[in-house]
Amino acid sequence: MAKKTVASLQKGEGRTYSKVIKMERSPKTGAYVFKEEMVPNDAVQALLK
């Protein structure tokens, strides 16, 4: 299923989005949690601040 998603992002509008993976610490357990989001290329820097 991932191949189909990646293939669809290679055409047309898909190139205007980037996958951002942020590592955050969980407030409950203190363990690290990874959050993945698809964001427009213009908003990547704002999301990482």
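A few points on the structure. As the structure is a prediction and not an experimental result, all values here were calculated from the model.

### Regarding the pairing of strand S2 (residues 32-40)
Where strand S1 (residues 17-25) and S2 come together, 9 bridges link them in antiparallel fashion. Bridging across to S2, Arg 25 finds its partner in Tyr 32. The antiparallel pairing of S1 with S2 creates a hairpin that spans 6 residues between the two strands, and Gly 30 there sits at a positive phi of about 85°.

### A look at the side chain of Ser 26
Position of Ser 26 among the secondary structure elements: in the loop between S1 and S2. Its relative accessible area of 17% is what places Ser 26 among the buried residues. Setting aside residues up to four positions removed in sequence, Ser 26 forms contacts with Ala 31 and Val 33.

### Digging into the pattern of salt bridges
All told, the structure shown has 3 salt bridges when counted by the stated rule. The residue Lys 19 makes a salt bridge to Glu 36 at a minimum N-O spacing of 3.2 Å. Separated by 17 residues along the polypeptide, Lys 19 in strand S1 and Glu 36 in strand S2 bring together distant segments of the chain. The same class applies to Lys 19 as to Glu 36, namely exposed. For the salt bridge of Glu 24 with Lys 22, the shortest nitrogen-to-oxygen distance reads 3.7 Å. Classification of Glu 24 as partly exposed rests on a relative accessible area of 28%. Take Lys 22: its relative accessible area is 24%, and that puts it in the partly exposed class. Each of the salt bridges in this network shares a partner with another, and the network as a whole consists of Lys 22, Glu 24 and Lys 35.

Reading the values: rules and limits
- Residues numbered from 1 in each chain as written.
- Predicted model: local features only at pLDDT ≥ 70, side-chain atom pairs only at ≥ 80, totals over all residues.
- Heavy atoms only, no water.
- Pairing = 2+ DSSP bridges.
- Helix = DSSP H or I, 4+ residues; strand = E, 2+ residues; numbered from the N terminus.
- Buried < 20%, exposed > 50% of the residue type's maximum accessible area, 1.4 Å probe, protein only.
- Contact = heavy atoms within 4.5 Å.
- Salt bridge = Lys/Arg side-chain N within 4 Å of Asp/Glu carboxyl O.

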